[in-house]
Amino acid sequence: MFRAGLVACLAGLLIFLALPVLAIFVEASPGELLASLKDPAARDALWLSAQVTAVAVAIIVTVGTPAAWLLATRRFRGRSALVTLLELPLVVPPAVAGVGLLAAFGPAGLLGGAGPDLVLETAGVVVALVFVASPFYVRQAQAAFAALDPTWLEASRTSGASEARTFARVAVPVALPGLGTGLALAWGRALGEFGATLMFAGSFRGTTQTAPLAIYERFATDFTSALALSAVLIALSASILVTVKLLPGRPDALL
Amino acid sequence: MRHALAALAAAGALASCGGGGDEPLKVTAASSLKVALTEYASDGVALAFAGSDQLAAQIRQGARPDVFVAANEKLPADLHAEGLTQPPVRIASNRIVLAVSAGTSAVRSPEDLARDGVRIAVAARGVPAGDYAQRVLDSLPRAGANVRSREPDVSGVVGKLLQRAVDAGFVYATDVRASRGGLREIALPPRLAPDVRYAAVVVRDSPRARAFVDGLRGAPALRAAGFGPP
């Protein structure tokens, strides 16, 4: 009886989660989906999404990897408070992120519009993506570094390698599967970003209108086109997920 | 486990039949009606606001609010023609205006919209406020090139203006009034100002839904918020 209950729960969950995804491909025919992807505005949105997510993920990895290494290998006062602060964007609603970014970097915000123009600019989209997606990477990278066998690092150090060399030649290569998982999670989150982008960067074709914003705009005017863009995002997200699952030597504990 | 499941089922049954008599009247309405309808609605009315086009699309996708109020007459008329609603009722008029954040001076007249570097926010095409704005922009040479954001509803334009993310935007006269001094209106020449009329439709027919729509026509709450007569 207990076992049947477990199976029923799993089956229910599976159907509930899979149905909306399947419906996107069933509601419109493949021909219709392909035809609406010929719309230049839809292509602009997909191309912009590809560019801004790539730049955002590059920034996250470049800055996040050393930061995660520091958090994973050092013990200092206030460390757990710092980790919690860095993880906060994970649970903050995107609309709150948008308001926060405006309040900080907006023309009427804390910095009084000092620095480069971000609001309504493509750079602003990247900033929003980095804000919401970086914790996904840093968290995973930190776990990957913390899981490294300390004797390897010790061996590297006693054989005369500098700290930087140990990081670059031992820690990063060994932690690579975990870092890859973090990268994929951050990329997936960035690809789906909607609220913070809309509030902070606005929505304009070719400049700030990413694929999720284009889907929202099309919901009212052209549902088939919204389905088509959604189908592309599902395909992209699914391939990110599958790539991560196929990464060699991925420790199962991490995903 | 069996008991737990039974309890869960019982709770679900209770929740679904409980409160049958005082189920709230569901009203979906254009974002620009937020202040007025919140004032007008009595207890037992649940309000949801978004761009009129989004709300109409929801109804086409099978959503069934009791009442839908749009910032134009076209969307309700289309829904009625598609057999999804009762006939539309004209409830109020409004004005589309050029607005700037109070205390800014980048834009002082409609002609300034064409100047280099001026940033304009409008609602997206298909959203009533966006379509009205587009008509004004079409008659102002070169201003269209300065549009930097097309927001999903007019609230988005108001937000961008208040945050000074843009220099100017097209919103309703009622939005300027509701901003309590945050926004300043710049007059549009009458020849540029499009006719803005709001219409309501009963989606799920009931005496309460009809009464809600009938009461809206020229309601004091709408006048107080700055709407004109239907």
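The structure we're discussing is the one just above.
Residues numbered from 1 in each chain as written. Chains lettered and ligands numbered in written order. Predicted model: local features only at pLDDT ≥ 70, side-chain atom pairs only at ≥ 80, totals over all residues. Heavy atoms only, no water.

### Some remarks on the packing of helix α1 (residues 2–27) of chain A against helix α11 (residues 223–246) of chain A
Residue and element names in this part refer to chain A.
- Put simply, α1 and α11 touch, their axes get as near as 9 Å, and they point 130 degrees apart. With respect to their mutual orientation, α1 and α11 come out oblique. Judged by the sense of rotation from one axis to the other, the crossing of α1 with α11 is left-handed. When α1 is examined against α11, the residues Val21, Ile24, Phe25 and Glu27 are found in contact with a partner set consisting of Phe223, Leu227, Ser230, Ala231 and Ile234.
- Looking at the contact of α1 with α11 residue by residue, the classes come out as seven nonpolar, one polar and one charged. (Axes fitted to C-alpha atoms, helices over the stretch in contact; angles between N-to-C directions. Helix = DSSP H or I, 4+ residues; strand = E, 2+ residues; numbered from the N terminus. Parallel < 35°, antiparallel > 145°, perpendicular 65-115°, else oblique. Left-handed = near helix turned anticlockwise from the far one by under 90°. Contact = heavy atoms within 4.5 Å. Nonpolar A, V, L, I, M, F, W, Y, C, P; charged D, E, K, R; others polar.)

### Describing the pattern of salt bridges
- Considering all chains together, one arrives at 19 salt bridges over all chains under this definition.
- Among the salt bridges present, the one from Glu185 of chain B reaches Arg95 of chain B, with a minimum N-O distance of 3.0 Å. With Glu185 of chain B in strand β9 (residues 183–186) and Arg95 of chain B in the loop between β4 (89–94) and β5 (96–101), the pair connects residues that are 90 residues apart, well separated along the chain.
- Here Glu185 of chain B falls in the partly exposed class, since its relative accessible area comes to 30%.
- Linked through salt bridges whose partners overlap, the residues forming this network are Arg74, Glu154, Arg157 and Glu163 of chain A. (Salt bridge = Lys/Arg side-chain N within 4 Å of Asp/Glu carboxyl O. Buried < 20%, exposed > 50% of the residue type's maximum accessible area, 1.4 Å probe, protein only.)

### Details of the nonpolar core
- Formed by 102 residues in total, the largest nonpolar core has its most connected members in Phe145 of chain A together with Val69 and Phe170 of chain B.
- Among the elements that line this core, the one with the most residues is helix α6 (residues 122–146) of chain A, at eleven residues.
- Each of domain 1 (2–93 + 197–224) and domain 2 (96–186) of chain B gives at least three residues to this core.
- Ignoring sequence-local partners within four residues, the contact set of Phe170 of chain B consists of Ile96, Val97, Leu98, Leu113, Ala121, Val122, Ala133, Val136, Leu137, Val154, Val157 and Leu188 of chain B.
- With 20 residues, the next largest nonpolar core counts Ile215, Leu229, Leu233 and Val244 of chain A among its residues. (Core = buried A, V, L, I, M, F, W, Y, C linked by side-chain atoms within 4.5 Å. Domains from an automatic or database assignment.)

### Points about empty space enclosed by the protein
- Under the defined criterion, the tally for this structure stands at three cavities of 30 Å³ or more.
- Looking at the largest cavity, its volume works out to about 80 Å³.
- What lines the largest cavity is a set of 13 residues, among which Leu213, Tyr216 and Glu217 of chain A together with Ala124 and Pro152 of chain B lie closest to the centre.
- At the level of elements, α10 (211–221) of chain A together with α3 (52–60) and β7 (147–151) of chain B are the ones that each hand at least two residues to the lining of the largest cavity.
- Sort the elements by how many residues they give to the lining of the largest cavity and α10 of chain A lands first, with three residues.
- Class assignment of the residues belonging to the lining of the largest cavity gives a composition of six nonpolar, two polar and five charged.
- Volume-wise, the second largest cavity comes out at about 50 Å³.
- Together, Ala30, Ser31, Ser32, Ala50, Gly51, Ser52, Ala71, Val127, Pro128, Ala129, Val154 and Tyr172 of chain B line the second largest cavity.
- Taken together, the residues of the lining of the second largest cavity sort by class into eight nonpolar, four polar and no charged.
- Residue contributions to the lining of the second largest cavity reach at least three from each of two domains, namely domain 1 (2–93 + 197–224) and domain 2 (96–186) of chain B. (1 Å grid on protein atoms, 1.4 Å probe; cavity = no way out; pocket = protein on both sides within 12 Å on 5 of 7 lines; lining within 4 Å. Points joined across faces, edges and corners; volume = space filled by probe spheres on them.)

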